[in-house]
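The residues making up each chain are set out below.
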Amino acid sequence: MFGMPRRLLFGYLALAVFMTGDGFELTFLSRFLVESGFSPTQAGLVFTVYGLVVAFSAWTTGVLAEIVGARRLMVLGGVLWMVLHVLFLTVGLQSVVGTILIYSLRGVAYPLFMYSFVVLIAQSVHPGRLASAMGWFWASFSLGIGVMGAYLPSLLVPVIGEYATLWASLIFVAAGTAMCAFLVPGAPPEADRSRGLVGEGRARELLRGVTILVENRQIALSVVIRVLCNLTLYAFPMMMPLYLTTDGVGGQAWFSLSEWMTLWAITNAITIGSNIMWGRLGDRYGWMRQMRWYGFGGMAIASLAFAYFPVWFGPSFVLMIVPAVLFALSVTAFVPMGAIFPALAPEHRGAAISAHNLASGLTTFAGPGIATALLPVIGPIGVCWAFAVLMVLGTITTLFIHPPQPGITSETGRMLPRRERLAQTA
């Protein structure tokens, strides 16, 4: 069904429900912390350290999922998330240090759930259809963290307040974890390496999650573009509430917090369909070309549009939908990233996916980190220019990466003649 592997249907649903709970705080936590007495820099530091822990957890997840089993690791991640979230709300919010410490520790949990499912997809799907399957992965992710995770809090916060809304997120994480435990199948026996890895084999595979970055130059370059492509996806939820809804960091209160949350929900609602669309297009016409021109090129323009549209047009919510749509269509053009890494190292998929997950985690750290460091120096518009320049750098880097893609490239990753491509993808 449009590239979705039916065997993993409940896995996609579990991911969407889990990420709904994980995304509850995304659009308002920075402002909530500032209103609770944190400085904007301290609030940014919370997100930055959290992202650093996420990066480390994500890095190890790919290999760990192959060692202990992907579904088993997903359930463990869900349980760990719930325990640490309760500690965050009851103990962590009492101080700046407590907030940073416990919220950051919670960053260990969601990569175990989310990125273990990437491994399960890679173990279950033919390489030629992997981008389509990853399109559904990111569609489920967007539906959860971006749409429901933003829209539901926009309804709850005005009624029960921000703190109670944070508690409500537990319901969704618990439901997603239960769905995974009882409804999601494990890897096919022929692809489940956890059964054959014991002792020294497990240790070597875990170490390969590190050494593959040195041994495989293409993987290392892919890590760079994976970090760059989602910088604004994690930076904007931290900086845009401050830029668009307050006067504190060089912006204005053009919009209410509820309007910003609705705008971000609209952005992510569009990504549901565009993730699926780009997955299918990438499998048919080429992963790298799609990301080079429509991904990085579009994100450079979208970053500047978010900066200048409120300056040019004032508090026009309708016009702000324009950069939101462009952002959504561009950021989802990177769907093939999840297919590129295992394609570059098919004999060590777990290690390759660990490299992908490391980059995914680093972008959650680097995006808020760049914004936090540069906001006091060059202001929010300057930060958006910095992100636009980094997108151009990503465009250039893609020219040096050549993953083999069934029906599109040769085994060395070079493009096949157009007539041969059309014949193989027909």
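Below is a summary of the structure that appears in this document. Each chain carries its own residue numbering, running from 1 in the direction its sequence is written. At least 70 in pLDDT is required for a residue's local features to be given in this predicted model, at least 80 for side-chain atom pairs to be given and counted, and no such filter applies to totals for whole chains, interfaces and linings, which use all residues. The basis for every side-chain value is the complete set of heavy atoms in the structure, and neither hydrogens nor water enter the calculation.

Let us now look at the overall build of the protein chain. Numbering goes from the N terminus for both helices and strands, where a helix is a DSSP run of H or I of at least four residues and a strand is a run of E of at least two. Counting its secondary structure elements, the protein chain contains 16 helices and zero strands. Residue burial in the protein chain is summarised as follows: out of 426 residues, 60% are buried. In the protein chain, 82% of the contacts between residues at least 6 apart in sequence involve partners at least 24 apart. For the protein chain, the accessible area works out to roughly 16100 Å², and carbon and sulfur atoms hold 70% of it. The buried label applies to any residue whose accessible area, calculated with a 1.4 Å probe on protein chains only, is under 20% of its type's maximum; exposed applies above 50%, and partly exposed to all values in between. Any pair of residues with heavy atoms lying within 4.5 Å of one another is described as a contacting pair. Under the convention used here, a 1.4 Å probe and the Shrake-Rupley method define accessible areas, while residue burial counts only the protein chains that appear.

Let's shift gears to the packing of helix H14 (residues 337-344) against helix H15 (residues 349-398). Where H14 meets H15, the closest approach of the two axes is 8 Å, and the angle between their N-to-C directions is 140°. As the angle between them shows, H14 and H15 are arranged oblique. Read as a crossing pair, H14 and H15 show a hand that is right-handed. Mapping the contact onto sequence places Met337, Gly338, Phe341 and Pro342 in H14 and Arg349, Ala352, Ile353, Ala355 and His356 in H15. Basically, the charged four are Asp, Glu, Lys and Arg, the nonpolar ten are Ala, Val, Leu, Ile, Met, Phe, Trp, Tyr, Cys and Pro, and anything else, Gly included, counts as polar. A breakdown of the residues in the contact of H14 with H15 according to their chemical character gives six nonpolar, two polar and one charged. For every element, the axis is a line fit to its C-alpha atoms; helices are fit only across the contacting stretch, and the angle between N-to-C directions ranges from 0 to 180 degrees. Every angle not falling under 35 degrees, over 145, or within 65 to 115 is termed oblique; those three ranges are roughly parallel, roughly antiparallel and roughly perpendicular. Take the far helix as your reference; a near helix turned counterclockwise from it by less than a right angle gives a left-handed crossing, and one turned clockwise gives a right-handed crossing.

Here we come to the pattern of salt bridges. Salt bridge, as applied in this entry: a Lys or Arg side-chain nitrogen positioned within 4 Å of an Asp or Glu carboxyl oxygen. By the definition in use, this model includes two salt bridges. One salt bridge connects Asp22 with Arg106, and the closest N-O pair in it is separated by 3.6 Å. Highlighted residues: Asp22 in helix H1 (residues 9-22) and Arg106 in helix H5 (residues 96-106), separated in sequence by 84 residues. For Arg106, a relative accessible area of 0% puts it in the buried group. For Arg106, the salt bridge identified is with Glu25, shortest N-O distance 2.6 Å. Of the two residues, Arg106 is situated in helix H5 and Glu25 in the loop between H1 and helix H2 (29-35); the sequence distance between them amounts to 81 residues. As far as the burial class goes, Arg106 and Glu25 line up, both buried. Bridged by salt links that share partners, the residues Asp22, Glu25 and Arg106 form one connected network.

Turning our attention to the side chain of Thr397. With respect to the secondary-structure elements, Thr397 resides in helix H15. Discounting chain neighbours no more than four positions away, the residues touching Thr397 are Leu221, Val224 and Ile225.

This part takes up the packing of helix H4 (residues 70-90) against helix H7 (residues 130-183). Where H4 meets H7, the axes come as close as 9 Å, and the angle between the chain directions of the two elements is 165°. Comparing the axis directions of H4 and H7 gives the class roughly antiparallel. Considering only the axes of H4 and H7, their crossing is left-handed. Along its contact with H4, which presents Arg71, Met74, Val75, Gly78, Val79, Trp81, Met82, His85, Val86, Leu89 and Thr90, the element H7 presents Tyr163, Leu166, Trp167, Ser169, Leu170, Val173, Ala174, Thr177, Cys180 and Ala181.

Okay, the packing of aromatic side chains next. When two rings of Phe, Tyr or Trp (its six-membered ring) have centres within 6.5 Å they constitute a pair, described as stacked for plane angles under 30 degrees, edge-to-face for angles over 60, and tilted for the intermediate range. One pass over the full model with this rule turns up 24 aromatic pairs. An angle of 20° between the planes, with centres 5.3 Å apart, marks the rings of Tyr308 and Trp312 as stacked. You can see Tyr308 and its partner Trp312 sitting in helix H12 (residues 287-313), four residues apart, about one turn around the helix. Assessed through its relative accessible area of 56%, Trp312 is described here as exposed.

Let us now look at H15. The end-to-end C-alpha distance of H15 is 21 Å, clearly below the 74 Å that 50 residues give at a rise of 1.5 Å each. The reported bend at a residue is simply the angle between two axes, fitted to the 7 residues ending at it and to the 7 residues beginning with it. The sharpest bend along H15 reaches about 120° and sits at Ile378, with the proline Pro380 one to four residues further on. Given a helix with a known number of residues, its expected span is that number minus one, times 1.5 Å.

Counting through the fold element by element, Asn275 comes out in helix H11 (residues 257-285). We call two N or O atoms a polar contact when they sit within 3.5 Å, provided that within protein one can donate a hydrogen and the other can accept it, with sequence-adjacent residues counted only if both atoms are side-chain atoms. A polar side-chain atom of Asn275 sits 3.1 Å from the main-chain carbonyl oxygen of Trp138. Excluding anything up to four places from it in sequence, Asn275 contacts Gly135, Trp138, Ala139, Ser142, Thr332 and Val335.

Residue types Ala, Val, Leu, Ile, Met, Phe, Trp, Tyr and Cys, when buried and joined through side-chain atoms within 4.5 Å, form a set referred to as a nonpolar core. Of all hydrophobic cores here, the largest spans 128 residues; its most connected members are Ile121, Phe137 and Met239. Ranked by the residues each element gives to this core, the list is headed by H7, at 16 residues. For every domain, the bounds stem from an assignment made automatically or drawn from a database. Two domains each put at least three residues into this core: domain 1 (1-185) and domain 2 (208-425). Excluding residues that lie within four positions of it along the chain, Phe137 makes contacts with Tyr12, Leu15, Met114, Phe117, Val118 and Ile121.

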